[in-house]
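# Results of the structural survey
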Number of protein chains: 2
Amino acid sequence: MTNIVQIIGRLGKLVWFHRKKAGLTQIQLADLAGVGKSTVYDIEKGKSTVQINSLFAVLAIMNIDVKFSGPLSAAFEKWSADQSSDK
Amino acid sequence: MTNIVQIIGRLGKLVWFHRKKAGLTQIQLADLAGVGKSTVYDIEKGKSTVQINSLFAVLAIMNIDVKFSGPLSAAFEKWSADQSSDK
DNA sequence: TCGAATTTACTGCCTTAACAGTAAAATGTG
DNA sequence: CACATTTTACTGTTAAGGCAGTAAATTCGA
């Protein structure tokens, strides 16, 4: 029943893994992402209260993409397409 | 080049779509997720500074799951498996 | 159309994340 | 083993999110 803490903890490790392979320090990644070094540290440590803009900024630098899917995703896609082609 | 604001904006609509189909009000969803009503409102509006625990709590209620994948995801899975079977 | 329910928007208070600085602990390289 | 680099951990300050309350705007059903 993977809870939030576990998901974020795992995500932190994923970030760490990518950063290491990229040969970057936390500070370098922080600078690239435009966040503070403490925030990178927190993300990698699995802190669950970081803001999504900070998290996503870091993920973007590491080319980690995020995908959301719910039971109504297909219906949403259709509805969403209709919305764009409105008047 | 879908940026962070766009991603979160779209995510907000996805949450809204699921909530509506589920026949819940923002307050009901907020209570279920254990967050404030303002937070649900913010998420649906695409506010990019909400905290991930708040966001994920809401997503969990709507059965929207989140998937992260980077260029090293496969390598990470292997490494991760090794870690669990350590000593 | 009318009224109830819901959403939007704004408020102020309280809590706390973001941040840079710093120092200790850990890591790794010669 | 040293030495340099990096990470961990803690600090105080500043800025801002989380929240409930409220009221206006909007939506929706009878």
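A brief report on the enclosed structure follows. (Residues numbered from 1 in each chain as written. Chains lettered and ligands numbered in written order. Predicted model: local features only at pLDDT ≥ 70, side-chain atom pairs only at ≥ 80, totals over all residues. Heavy atoms only, no water.)

Another aspect to go through is helix H4 (residues 52-61) of chain A. Most of H4 of chain A is tucked away, with 7 of its 10 residues classed as buried. Along H4 of chain A, the residues that are buried comprise Ile52, Ser54, Leu55, Phe56, Ala57, Val58 and Leu59 of chain A. (Buried < 20%, exposed > 50% of the residue type's maximum accessible area, 1.4 Å probe, protein only. Helix = DSSP H or I, 4+ residues; strand = E, 2+ residues; numbered from the N terminus.)

By nearness alone, 18 residues border DNA strand C, and Gly36, Lys37 and Thr39 of chain A together with Arg19 and Tyr41 of chain B come closest of all. Protein-adjacent atoms of DNA strand C, using a 4 Å cutoff, are sugar or phosphate at a proportion of 76%. At 2.9 Å, a backbone N or O of Gln51 of chain A approaches a phosphate oxygen of DNA strand C. Within the side chain of Gln26 of chain B, a nitrogen or oxygen atom sits 3.0 Å from a phosphate oxygen of DNA strand C. Counting only elements with at least two residues in the surface near DNA strand C, the list comes to helix H3 (37-45) of chain A together with helix H1 (4-22) and helix H3 (37-45) of chain B. Here the surface near DNA strand C is built from residues that sort into 3 nonpolar, 9 polar and 6 charged. (Near = heavy atom within 4 Å. Polar contact = N/O pair within 3.5 Å; in protein donor to acceptor, adjacent residues only side chain to side chain. Nonpolar A, V, L, I, M, F, W, Y, C, P; charged D, E, K, R; others polar.)

Taken together, 17 residues form the shell around DNA strand D, and within it Arg19 and Tyr41 of chain A together with Gly36, Lys37 and Thr39 of chain B come nearest. Within 4 Å of the protein, the atoms of DNA strand D are drawn from sugar and phosphate moieties in a proportion of 76%. A distance of 2.5 Å separates a phosphate oxygen of DNA strand D from a polar atom in the side chain of Arg19 of chain A. One of the side-chain N or O atoms of Lys20 of chain A is found 2.9 Å from a phosphate oxygen in DNA strand D. Counting only elements with at least two residues in the surface near DNA strand D, the list comes to helix H1 (4-22) and H3 of chain A together with H3 of chain B. Residue classes in the surface near DNA strand D are distributed as 3 nonpolar, 9 polar and 5 charged.

A separate point is the interface of chain B and chain A. At the interface, 39 residues of chain B touch 39 residues of chain A. Counting the surface lost from both chain B and chain A, the interface buries some 3,500 Å², and carbon and sulfur atoms represent 74% of this. In terms of surface lost to chain A, no three residues of chain B exceed Ile52, Phe68 and Phe76 of chain B, which account for 20% of the buried area on that side. The closest approach of N and O atoms between Arg10 of chain B and Glu77 of chain A, which form a salt bridge, is 2.8 Å. At the junction of chain B and chain A, the tally comes to 13 residue pairs in polar contact (both at pLDDT 80 or more). When residues of the side of chain B that touches chain A are traced back to their parent elements, those giving at least two are H1, helix H4 (52-61), strand S1 (65-69) and helix H5 (73-84) of chain B. For the side of chain B that touches chain A, the element with the most residues is H1 of chain B, which contributes 11 residues. Residue composition of the side of chain B that touches chain A, grouped by class: 22 nonpolar, 10 polar and 7 charged. (Contact = heavy atoms within 4.5 Å. Buried area = accessible area lost by both parts, 1.4 Å probe. Salt bridge = Lys/Arg side-chain N within 4 Å of Asp/Glu carboxyl O.)

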